[in-house]
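Examination of the molecular architecture
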Amino acid sequence: MPPLNLDDFERRALPTLLEYATIPCLSPSFDEAWEANGHLNRAADLLADWTSATLPSAAVRVHHLTGRTPVVTATIEATTPDEGTVVIYGHLDKQPPLGEWSEGLDPFRPVRRGDRVYARGIADDGYAAFSAAMAVASLVEAGVGHPRVVILIEASEESGSEDLEAYLDYLVDELADVQLLICLDSGALSYDRLWVTTSLRGLVNTEVTVSVLERGLHSGSASGVVPSSFRILRELLERIEDATTGHVRLASLHAAIPPEVRDAARATTDEFGDVIANEMPTLEGVRLMGDSPAERVLRQTWYPALSVIGLGGAPAPAIAGNVLRPFTTAVLSMRLPPPVDPNVAFEAIAAVLLDEPPAGAKVTLRATNTAQGWVSPPLAPWLATTLDRASREQFGAPAGFTGEGGSIPFLASLGQRYPGVQFVATGTLGPDSNAHGIDEMLDLPTALRVTNAVATLLEAFTHRTEEPR
Ligand SMILES: [Zn+2]
């Protein structure tokens, strides 16, 4: 089967991908009025129409469960004896712009510079629907045998895939016997090989509010007498995290790191150097956490870590008055090692935050987002061989394997629903791709190579039983 070239991809997929890039289809967490605004539905219809045109033999549908974001599926029946379904997964919802983009760039007006295109959601994860359909189309058009494929594009991923479980129930007959899941929403350490994700961290977000007064008071009269809600919050956070080192104090939020994971981290940094440090636009003089490059890989992929991602109850600096504020709210985002159950983690966090509040302050909290982490099951021999071959053919280098610091809740969920399913989590989110940050970028040659690798996987899937197990 001749692989697609960049011309094919640009001619057939890029115009519609660029159109998709203009739609501000933010995930529901960032657009409460998403249903009225209609952007997610418009993006779903656009992808569905393009997929129908690209894969005329596919059954393409946009599903709308009541009150939930849409899901697009494209099902292509097998041309070889039916041996189960390959699901190719991506998502169409986007993160918000985050802030001002650099000179000449705009989140919703795509800009091409050389072989790179800049726009929000183009790499995370807009390209996925296009790569998936182009990969299948290349097999169909070349008359190469392929398995039954369901392309599944959801629209709540950036909100913790809150609608996905309902759709997995609803689509159970459509998905049928899932044997292989190809997830096109993951990362890459470099653009010189196919990167396969071996683990993902979990996540639990907690919104905590510390209240001390019925209303704000002149700080000249209240300070020194009424305890500050911010100071009490600091004290509460210290129960979770050592402010000096960033070490997470709760034992149940840690997991034993397998020796092979440590070995892989060392091998990666031996080859690529301080990969994690190189990704970070750290200001001069700022010292990173972790004693060595390999330790930083582990810290990013297997350690719990706290980020305070939102604050409430305080005015903007320009209008700050001398007031002792009645309350402070913080959103605590805790990344979790892959095996840790986010519900167990939430219970542990809630227990220490609610235990005997300092100064008798009123503390309330709720979990706002949870995601189970994931550890890849061992690869079947045919799959390991094929990934390596696809990487060598497309990139000229062997496949790379690494953990990721982010979360894709779908993988854990699918693993639970379909025990024995094989996973390939890969993607185009490499250096400078800036997913979730400003100036998000898709590297077109990488998107093309990933597309061709998917086609190789689909073709090899139909021959997999011929190989010795
Ligand atoms: Zn994504």
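Please read all numbers here as calculations on a predicted model, not as lab measurements. (Residues numbered from 1 in each chain as written. Predicted model: local features only at pLDDT ≥ 70, side-chain atom pairs only at ≥ 80, totals over all residues.)

1. Some words on the overall build of the chain
Put simply, the rule is: Helix and strand assignments follow DSSP, with helices taken as H or I runs no shorter than four residues and strands as E runs no shorter than two, numbered in order from the N terminus. For the radius of gyration, the atom set is restricted to C-alpha positions; the globular benchmark scales as 2.2 Å times the number of residues to the power 0.38. Each residue is classified by how many other C-beta atoms fall within 10 Å of its C-beta atom, where C-beta atoms are placed from the backbone; a count of 20 or more means buried, 12 or fewer means exposed, and values in between mean partly exposed.
Counting secondary structure elements, the chain contains 16 helices and 18 strands. By the compact-globule yardstick of 23 Å for 469 residues, the chain fits well, its C-alpha radius of gyration being 24 Å. Taken over 469 residues, the chain has a buried fraction of 45%.

2. Side note on the environment of Ala-265
Our working definition: Any pair of residues counts as being in contact when their C-beta atoms, constructed from backbone geometry, are within 7 Å of one another.
You can see Ala-265 is positioned in helix α10 (residues 259–272). What Ala-265 contacts, discounting residues up to four positions off in sequence, is Ala-294, Val-297 and Leu-298.

3. Description of the domain arrangement of the chain
Which entries qualify depends on this criterion: Where each domain begins and ends is defined by an automated method or by a domain database. Ten residue types, Ala, Val, Leu, Ile, Met, Phe, Trp, Tyr, Cys and Pro, are classed as nonpolar, four, Asp, Glu, Lys and Arg, as charged, and the remainder, Gly among them, as polar.
One can read the domain layout of the chain as domain 1 (6–200 + 373–466) and domain 2 (202–254 + 304–371). A C-alpha centroid distance of 36 Å is found between domain 1 and domain 2. If you look at the interface, domain 1 gives nine residues, while domain 2 gives 11 residues. Sorting the residues of the side of domain 1 that touches domain 2 by element identifies β8 (195–200) and β15 (374–375) as the ones contributing at least two each. In terms of residue class, the side of domain 1 that touches domain 2 is made up of four nonpolar, five polar and no charged.

4. So, unusual backbone geometry
Residue Asp-124 is joined to Asp-125 through a cis peptide bond whose omega torsion reads 15°. Within the secondary structure layout, Asp-125 lies in helix α5 (residues 122–142). With phi around 55°, Asn-434 is a residue other than glycine that occupies positive phi space. By the secondary structure assignment, Asn-434 is in the loop between β17 (422–425) and β18 (441–443). Classification of Asn-434 by C-beta neighbours within 10 Å gives partly exposed; the count is 19.

5. So, the pairing of strand β13 (residues 327–336)
The condition is simple: Should DSSP find at least two bridges between two strands, the strands are taken to pair.
Pairing of strand β9 (residues 202–211) with β13, which is carried by 10 bridges, proceeds in the antiparallel orientation. Across the sheet, residue Val-210 finds its bridge partner in β13, namely Thr-328. Alignment of strand β11 (residues 305–312) against β13, held across seven bridges, turns out to be antiparallel. Directly across from Ser-307, in β13, lies its bridge partner Ser-333.

6. Topic: the sheet that holds strand β5 (residues 116–118)
Quick reminder of the rule: Simply put, an axis is a line fit to the C-alpha atoms, just over the touching stretch for a helix, and the angle between two N-to-C directions goes from 0 to 180 degrees.
One open sheet accounts for three strands, arranged β4-β5-β18; its pairing is antiparallel. Strands with a single pairing partner mark the edges of an open sheet, and in this sheet they are β4 (111–113) and β18. This sheet shows a mean twist of 25° between the axes of neighbouring strands, independent of strand direction. Note that β5 and β18 share three bridges and pair antiparallel. Pairing of Val-117 across the sheet is with Leu-442, part of β18.

7. Considering α10
Selection criterion: The span one expects for a helix is its residue count, reduced by one, times 1.5 Å. By arc we mean the arc of the directions from the helix axis to the C-beta atoms, nothing more.
In a regular helix each residue adds 1.5 Å, so 14 residues correspond to 20 Å; α10 covers 20 Å between its end C-alpha atoms and thus fits that length. Of the positions making up α10, those classed as buried are Val-261, Ala-264, Ala-265 and Thr-268. For α10, the angular spread of the buried residues around the axis is 100°, confining them to a single face. Exposed positions of α10 whose direction lies more than 90 degrees from the buried face are Pro-259, Asp-263 and Asp-270. The secondary structure elements touched by the buried residues of α10 are α11 (275–279), α12 (293–302) and β16 (400–404). After α10 finishes, the residue Gly-273 shows a positive phi value of roughly 80°.

8. So, the environment of Leu-139
Its location among the elements puts Leu-139 in helix α5. In this structure the C-alpha to C-alpha distance between Leu-139 and Glu-459, which are 320 residues apart in sequence, comes to 7.7 Å.

9. Considerations on α12
Counted residue by residue, α12 has eight buried out of 10 residues, so it is predominantly covered. The inward-facing, buried residues of α12 contact β8, α10, α11 and β16.

10. Re the sheet that holds β13
The four strands lie next to each other as β11-β13-β9-β14, forming an open sheet whose pairing is antiparallel. One side of each edge strand has no neighbouring strand; the edge strands of this open sheet are β11 and β14 (362–371). Across the sheet, the axes of successive neighbouring strands diverge by a mean angle of 20°, strand direction being ignored.

11. Description of the packing of helix α2 (residues 14–21) against α5
Helix-helix packing is characterised by the crossing angle of the two axes and by the distance between the axes. Just so we agree on the cut-off: In these notes the angle categories are as follows: under 35 degrees is roughly parallel, over 145 is roughly antiparallel, 65 to 115 is roughly perpendicular, and the rest is oblique. The hand of a helix crossing depends on one turn: near helix anticlockwise from the far one by less than a right angle means left-handed, and clockwise means right-handed.
Where α2 contacts α5, the axes come no closer than 10 Å and their chain directions differ by 140°. Between α2 and α5, the angle falls in the class oblique. The crossing of α2 and α5 is right-handed. Of the residues in α5, those in contact with Leu-17, Tyr-20 and Ala-21 of α2 are Ile-122, Gly-126, Tyr-127 and Phe-130. Within the contact of α2 with α5, the residues separate by chemical class into six nonpolar, one polar and no charged.

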